[in-house]
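An overview of the molecular structure
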Amino acid sequence: MEKHFRLISMTPLFLLLCFPFAFAGHDYGQALSKSILFFEAQRSGYLPHNQRVTWRANSGLNDGKASGVDLVGGYYDAGDNVKFGLPMAFTITMMSWGIIEYGKQMAASGELGHAMAAVKWGTDYLIKAHPEPNVLYGEVGDGNSDHYCWQRPEDMTTDRRAYRIDPSNPGSDLAGETAAAMAAASIVFRRSNPAYANELLGHAHQLFYFANKYRGKYDSSITVAQKYYRSISGYNDELLWAAAWLYQATNNHYYLSYLGENGDSMGGTGWGMTEFGWDVKYAGVQTLVAKFLMQGKAGHYAPVFERYQQKAEYFMCSCLGKGSRNVQKTPGGLLFRQRWNNMQFVTSASFLATVYSDYLASAGRSIKCASGVVAPSELLSFAKSQVDYILGDNPRATSYMVGYGNNYPRQVHHRASSIVSIKVNPSFVSCRGGYATWFSRKASDPNVLAGAIVGGPDAYDNFADERDNYEQTEPATYNNAPILGILARLNGGHGGYNQLLPVVVPAPTHQKPASHPKITPAPASNSAPISVEQKMTTSWNAKGRTYYRYSTIVTNKSAKTLTDLKLSISKLYGPIWGLTKSGDSYAFPSWLESLPAGKSLEFVYIHAASAADVSVSSYDLA
């Protein structure tokens, strides 16, 4: 539960990496399964019937009650029993990003459903934590009283007070990160649960407005967080981060403009980073904005977006050890930023390198570092080297993922795993009694915290597997969240997919997809007097690609004549018939000036993707 930032670099294991797509040596699919399973061990609240980590039970069932709000659920951040909003939201954002980019690979290994369930466990809680537009609960419990005790979550006797931000006590960083999490997760659920996706987007819009209008650092309002998750970077990075995710989720040009107009003044184009994590988001913003640029979405903001991209590539070069200011590495090749839970920076930086490698490959680009040109495959090789180190390719031959391999940490700094399960021995474990009986016990944990990535070794690859060595043996949700996408990518191999096209996350299923999957159009947003309905009418294959024809019916449901209709259409990658382009919008075709009451018009388009997003921008009723 500690605060950190981090960066990446290339390793002496590079000889293993010459063939980045010949992934071998580790079972990335098994590691992916375990890394998702860890989140079930971190659950707070009423556990579901399909809970797989069976040594855990219900906990925190009165959270929020004293404040008159239901805050049951969510995740414990690390080895303690506090629910910290900032790292929890970042965890949800990063899990969602991994699914957005590599959901196809997760589905192929049967893990997409579990990954989406892990995201939803978090977003269900975030929805509860945002009961009013300008109110967000950012912490339940406090680290001081919690750290005084060593108890199972099921036995907690510590203070479970809830702490919030509001206009009088703002927290732009917390609200911004939570908006980013909601927006990113809305993309994850857009196809399988569109109503839920829309609910998340509604919260994301409100939270961004709240964060942007009432500015301040959250730890000045929730002061009990300062010792554990102090916001060193401030909130400008979270405001840009939230805008980037809201743009990705909505294609609303307000957010694109926000990135373009505030990039210079808020540090998005100015900060060259060597770390990325729950506090410092700039490298993540820069990577996303570079993606928008490569997708051709920058418009007249292209010069600004190019400056974002330069800083994204500064980060990549630094991680590779080929920049003007490089991230430190251990002798064994692991990125090293700090001795306390260094692994969070390793997984986060590796994820950025993975997705940026695929963005570059999709765009047919390389990057220029201070020491030369870097091909996309080199970035992926670097990320693979870091993952392989975590899984055991290191000087100690230790897996820093609990339960993976034969040699992994057995005395994890984690209350729930280090104390016998309440289902095995229901005897109450007292606050200080837990320290005397369980914390000081020099034996393996009674419960294996499968999939947890611990803090990791020091700057010289040394590691002590001891429960009181919290700097090295404590796990955290934000260590695991970024690695889901990387493991799915490595397990999937090189599929030749274009990462710059919109990634449609399949609905979670463990069944083999049909040869002609049903394409569910993205939900169209309807203004009350006007309905927009889309359907796919036919599909065919040409040169190895499947193309779809979509029919869209716009109906005037009012009792008046519809004039001056403007439609916004995003995620359109092919020709369209039956409308006239008018600036950034689409209007009636030239032969139609109005639409009488009860009448409809049809337009069609063709492309090799799921349905475009169609919404009503403006109209008049005469």
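Residues numbered from 1 in each chain as written. Predicted model: local features only at pLDDT ≥ 70, side-chain atom pairs only at ≥ 80, totals over all residues. Heavy atoms only, no water.

1. Focus: the sheet that holds strand E3 (residues 162-165)
Quick reminder of the rule: Whether two strands pair depends on DSSP finding at least two bridges between them. Labels follow the DSSP assignment, with helices taken as runs of H or I lasting at least four residues and strands as runs of E lasting at least two, numbered in each case from the N terminus.
Read across the open sheet, the three strands follow the order E1-E2-E3; overall the sheet is antiparallel. If you trace the sheet from one side to the other, it starts and ends with strand E1 (83-84) and E3, each paired once. Here two bridges tie E1 to strand E2 (residues 136-140), and the two strands are oriented antiparallel to one another. The residue of E2 that forms the bridge with Phe 84 is Glu 139.

2. Some words on the pattern of salt bridges
For the record, the criterion: Salt bridges are defined as contacts in which a side-chain nitrogen from Lys or Arg sits within 4 Å of a carboxyl oxygen from Asp or Glu. Working definition: with a 1.4 Å probe on protein chains only, accessible area under 20% of the residue-type maximum means buried, over 50% means exposed, and in between means partly exposed.
One pass over the structure, following the stated rule, counts 23 salt bridges. The partner of Glu 40 in a salt bridge is Arg 43, and the shortest N-O contact between them spans 4.0 Å. With respect to class, Glu 40 is no different from Arg 43; both count as buried. Glu 313 is the partner of Arg 365 in a salt bridge, and the nearest nitrogen-oxygen pair spans 3.0 Å. Within this pair, whereas Arg 365 is found in the loop between helix H13 (343-363) and strand E4 (367-369), its partner Glu 313 is found in helix H12 (residues 302-320), the two being separated by 52 residues in sequence. Looking at Glu 313, the relative accessible area reads 10%, which means it is buried. Residues joined in a network through salt bridges with shared partners are Glu 40, Arg 43 and Arg 52.

3. Considerations on the pairing of strand E6 (residues 530-542)
When E6 meets strand E7 (residues 545-556), the two strands line up antiparallel, connected through 12 bridges. Bridging across to E7, Ser 539 finds its partner in Tyr 548. The turn linking E6 back onto E7 is made up of two residues, and Lys 543 within it adopts a positive phi angle of 50 degrees.

4. Regarding the packing of aromatic side chains
To keep it simple, the criterion reads: Here is the rule: rings of Phe, Tyr and Trp (six-membered ring for Trp) pair when centre to centre is within 6.5 Å. Planes less than 30 degrees apart are stacked, more than 60 are edge-to-face, and the remainder are tilted. When the NZ atom of lysine or the CZ atom of arginine is within 6 Å of a ring's centre and also within 35 degrees of its normal, the charge is said to sit over that ring.
By the definition in use, this model includes 33 aromatic pairs. Taken together, a centroid distance of 5.7 Å and an interplanar angle of 45 degrees make the contact between Trp 150 and Tyr 435 tilted. Of this pair, Trp 150 sits in the loop between helix H4 (143-148) and E3 while Tyr 435 sits in helix H16 (residues 433-439), and the two are 285 residues apart along the sequence. Across this residue pair, the class does not change: Trp 150 and Tyr 435 are buried. An aromatic cluster is defined as three or more aromatic residues linked by ring pairs; in this entry it consists of Phe 90, Trp 97, Trp 241, Trp 245, Phe 276 and Phe 351. Sitting above the plane of the Trp 121 ring, Arg 43 keeps its charged end 4.5 Å from the centroid. In this structure, Arg 432 packs its charged tip against the face of Tyr 148, placed 4.1 Å from the ring centre.

5. Focus: the domain arrangement of the protein
Counted only if it meets this: Those domain boundaries reflect an automatic or database domain assignment.
Domain annotation of the protein identifies domain 1 (28-492) and domain 2 (530-621). For domain 1 versus domain 2, the distance between C-alpha centres works out to 39 Å.

6. Let's talk about the nonpolar core
Convention followed: Take the buried residues of types Ala, Val, Leu, Ile, Met, Phe, Trp, Tyr and Cys, join any two whose side-chain atoms come within 4.5 Å, and each joined set is a nonpolar core. Contacts were defined at the residue level, with two residues in contact if any of their heavy atoms lie within 4.5 Å.
Formed by 154 residues in total, the largest nonpolar core has its most connected members in Trp 97, Trp 245 and Phe 305. Among the elements that make up this core, the one with the highest residue count is helix H2 (residues 85-108) (12 residues). Residues contacting Trp 245, with those up to four places away along its chain left out, are Thr 93, Trp 97, Ile 100, Ala 180, Ala 183, Ala 184, Ile 187 and Leu 288. Core analysis: the second largest hydrophobic core is formed by 20 residues, Tyr 548, Leu 567, Leu 579 and Leu 601 among them.

7. Points about the sheet that holds E6
In spatial order, the strands read E6-E7-E13-E9; together these four strands make up an open sheet with antiparallel pairing. Each end of this open sheet is capped by a strand with a single partner; those strands are E6 and strand E9 (576-577).

8. Considerations on the environment of Ile 483
Along the chain, Ile 483 falls in helix H18 (residues 477-492). The exposure class of Ile 483 is buried, given its relative accessible area of 0%. Sequence spacing of Ile 483 and Asp 388 is 95 residues, and the spatial spacing of their C-alpha atoms is 12 Å. Those residues within four positions of Ile 483 in sequence are excluded, and the remaining contacts are Ser 35, Thr 347, Val 387, Ile 390 and Ile 453.

9. Remarks on unusual backbone geometry
Here the phi dihedral of Asn 251 falls at roughly 60 degrees; this positive angle occurs in a residue that is not glycine. Within the element layout of this structure, Asn 251 appears in the loop between helix H9 (236-250) and helix H10 (253-262). We note that Asp 564 has phi near 50 degrees; this positive angle belongs to a residue other than glycine. A residue is classified by how much of its surface remains accessible, and Asp 564, at 46% relative accessible area, is partly exposed.

10. Some thoughts on the environment of Phe 189
Tracing the sequence through the fold places Phe 189 in the loop between helix H5 (172-188) and helix H6 (194-213). Judged by relative accessible area, which is 4%, Phe 189 ranks as buried. Here the alpha-carbon distance between Phe 189 and Gly 202, two residues 13 residues apart in the chain, equals 14 Å. Apart from residues lying up to four places away in sequence, Phe 189 is in contact with Met 116, Val 119, Lys 120, Thr 123, Pro 194, Tyr 196, Ala 197 and Leu 200.

11. Digging into the packing of helix H11 (residues 282-294) against H13
Quick reminder of the rule: Axis geometry follows a simple rule: fit a line to the C-alpha atoms, using only the stretch in contact for helices, then measure angles between N-to-C directions, giving values from 0 to 180 degrees. Roughly parallel means an angle under 35 degrees; roughly antiparallel means over 145; roughly perpendicular covers 65 to 115; every other angle is labelled oblique. Crossing handedness is read from the near helix: turned anticlockwise from the far helix by less than a right angle, it gives a left-handed crossing, and turned clockwise, a right-handed one. Gly is put with the polar residues, along with every residue not named as nonpolar or charged; the nonpolar set is Ala, Val, Leu, Ile, Met, Phe, Trp, Tyr, Cys and Pro, and the charged set is Asp, Glu, Lys and Arg.
Contact geometry of H11 with H13 gives a least axis separation of 11 Å together with a crossing angle of 15 degrees. Relative to H13, the element H11 is oriented roughly parallel. Handedness of the H11/H13 crossing: left-handed. On H13, the residues touching Ala 283, Gly 284, Thr 287, Ala 290, Lys 291 and Met 294 of H11 are Leu 352, Val 355, Tyr 356, Tyr 359, Leu 360 and Ala 363. For the contact of H11 with H13, the per-class residue count stands at nine nonpolar, two polar and one charged.

12. What to know about the UniProt feature "active site" (unreviewed entry) in the protein
The condition that has to hold: UniProt positions are given in the numbering used here, feature names are shortened, and annotations may be inferred rather than shown by experiment.
Per the UniProt record, the feature "active site" (unreviewed entry) sits at His 413, Asp 465 and Glu 474. These residues run over 62 residues, yet every pair of their C-alpha atoms falls within 10.2 Å of each other. Topologically, His 413 is positioned in the loop between helix H14 (376-390) and helix H15 (415-418). The contact partners of His 413, leaving out residues within four places of it in the chain, are Gly 79, Trp 150, Phe 439, Arg 467, Asp 468, Tyr 470, Thr 473, Glu 474 and Pro 475.

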